[in-house]
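Analysis of the macromolecular model
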Amino acid sequence: RKEVEQDPGPFNVPEGATVAFNCTYSNSASQSFFWYRQDCRKEPKLLMSVYSSGNEDGRFTAQLNRASQYISLLIRDSKLSDSATYLCAVSLGGGNKLTFGTGTQLKVEL
Amino acid sequence: DAGVIQSPRHEVTEMGQEVTLRCKPISGHNSLFWYRQTMMRGLELLIYFNNNVPIDDSGMPEDRFSAKMPNASFSTLKIQPSEPRDSAVYFCASSYQGGQPQHFGDGTRLSIL
């Protein structure tokens, strides 16, 4: 089983739709969780950290489910500019590395 | 504030040549990471450093790859000799500490002919 798994997609959604991605992780001792966005031929950019109680940043909501070992990203009122690949990243915390998922591709269409 | 700076942005070279990629992390960041990204394999961690010390190099594909971090503001990833299968985008990233959010450089697009 991979350490971090994501559905590669693509998710094709109309503008204005709500879309959600999940990311499962295998190590129950994981402590830190993040969502990154990567545009075509660009570097990954931090979208948001994921906190235990869940957190929101505008149209984006991130949640953590420790019992089932997954994190989620919800995008409301999706825009054409949200089209990108979304990568989740997980760490044991402390001085440990981040492990990235392979990413979920989102295409928002007119 | 300056982000992570990588050079060169693009490199095209012939098989067998030595390739050196360079990275300047964000000032004050203590952890530095080298990644390789391809369509087939996604984003792979090659090696990372904490306080200039290599912590985990298990992702380095083979002895042709080596990385150094002589000081807190500079790191290199070297491939010698290069092979066509090394063609990929190589990213450098840094963070205050391993496990914290990482900030990526623009990447080096490497093509080995």
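Reference entry: report on the structure contained in this document.

Each value, and the rule that gives it
Residues numbered from 1 in each chain as written. Chains lettered and ligands numbered in written order. Predicted model: local features only at pLDDT ≥ 70, side-chain atom pairs only at ≥ 80, totals over all residues. Heavy atoms only, no water. Disulfide = S-S within 2.5 Å. Helix = DSSP H or I, 4+ residues; strand = E, 2+ residues; numbered from the N terminus. Buried < 20%, exposed > 50% of the residue type's maximum accessible area, 1.4 Å probe, protein only. Phe/Tyr/Trp six-rings, centres within 6.5 Å; stacked < 30°, edge-to-face > 60°. Contact = heavy atoms within 4.5 Å. Buried area = accessible area lost by both parts, 1.4 Å probe. Salt bridge = Lys/Arg side-chain N within 4 Å of Asp/Glu carboxyl O. Polar contact = N/O pair within 3.5 Å; in protein donor to acceptor, adjacent residues only side chain to side chain. Pairing = 2+ DSSP bridges. 1 Å grid on protein atoms, 1.4 Å probe; cavity = no way out; pocket = protein on both sides within 12 Å on 5 of 7 lines; lining within 4 Å. Points joined across faces, edges and corners; volume = space filled by probe spheres on them. Nonpolar A, V, L, I, M, F, W, Y, C, P; charged D, E, K, R; others polar.

With that settled, consider the state of the cysteines. Under the criterion given, the structure shown has two disulfides over all chains. The side chain of cysteine 23 of chain A participates in a disulfide bridge whose partner is cysteine 88 of chain A; the two sulfur atoms lie 1.9 Å from each other. Taking the torsion about the S-S bond as the criterion, the cysteine 23 of chain A to cysteine 88 of chain A disulfide, at about 65°, is right-handed. On the criterion of sequence distance, the pair formed by cysteine 23 of chain A in strand 3 (residues 19-25) and cysteine 88 of chain A in strand 9 (residues 84-91) is long-range, its members being 65 residues apart. Both residues of the pair, cysteine 23 of chain A and cysteine 88 of chain A, belong to the buried class. The partner cysteine of cysteine 23 of chain B in its disulfide is cysteine 92 of chain B, sulfur to sulfur 1.9 Å. Given an S-S torsion of about -70°, the disulfide between cysteine 23 of chain B and cysteine 92 of chain B has left-handed geometry. Within this pair, whereas cysteine 23 of chain B is found in strand 3 (residues 19-24), its partner cysteine 92 of chain B is found in strand 9 (residues 88-95), the two being separated by 69 residues in sequence. We note that cysteine 40 of chain A lacks a disulfide partner, and the nearest cysteine sulfur, in cysteine 88 of chain A, lies 20 Å from it.

So, on to the packing of aromatic side chains. Per the stated rule, a full pass over the model turns up 11 aromatic pairs over all chains. Centre to centre, the rings of phenylalanine 21 of chain A and tyrosine 86 of chain A are 5.5 Å apart; their planes meet at 35°, and the pair counts as tilted. Here phenylalanine 21 of chain A is found in strand 3, whereas its partner tyrosine 86 of chain A is found in strand 9, with 65 residues between them in sequence. By relative accessible area, phenylalanine 21 of chain A is classed as buried at 1%. Where tyrosine 25 of chain A meets phenylalanine 33 of chain A, the ring centres are 5.0 Å apart and the plane angle is 50°; that geometry is what we call tilted. As far as the burial class goes, tyrosine 25 of chain A and phenylalanine 33 of chain A line up, both buried. Through a chain of ring-to-ring contacts, the aromatic side chains of Tyr36 and Phe100 of chain A together with Phe33, Tyr35, Tyr48, Phe91 and Phe104 of chain B assemble into a single cluster.

Turning our attention to the interface of chain B and chain A. With 19 residues of chain B at the interface, the matching set in chain A holds 18 residues. Summed over both sides, the interface between chain B and chain A buries roughly 1,500 Å², with carbon and sulfur atoms accounting for 53% of that surface. Of all residues in chain B, Gly99, Phe104 and Arg109 of chain B give up the largest surface area on contact with chain A, accounting jointly for 29% of the area buried on that side. At the boundary of chain B and chain A, one finds one salt bridge. The tally of links between chain B and chain A comes to four residue pairs in polar contact (both at pLDDT 80 or more). At the level of elements, strand 4 (31-38) and strand 5 (42-50) of chain B are the ones that each hand at least two residues to the side of chain B that touches chain A. A per-element tally of the side of chain B that touches chain A places strand 5 of chain B first, with four residues.

A word on the pairing of strand 8 (residues 74-79) of chain B. All names here are of chain B. Note: strand 3 against strand 8, five bridges, orientation antiparallel. Residue leucine 21 lies in a different strand from strand 8, and its bridge partner there is leucine 77. Joining the antiparallel neighbours strand 7 (residues 65-71) and strand 8 is a turn of two residues.

As a volume, the largest pocket reaches approximately 730 Å³. If you tally residues by element for the lining of the largest pocket, the top one is strand 11 (residues 104-109) of chain A, at four residues. Together, 27 residues line the second largest pocket, and Phe100 of chain A together with Arg41, Leu43, Glu44 and Leu45 of chain B are the ones closest to its centre. Contributing elements (two or more residues each) for the lining of the second largest pocket: strand 10 (98-100) of chain A together with strand 4 and strand 5 of chain B. Among the residues making up the lining of the second largest pocket, the classes are represented as nine nonpolar, seven polar and 11 charged.

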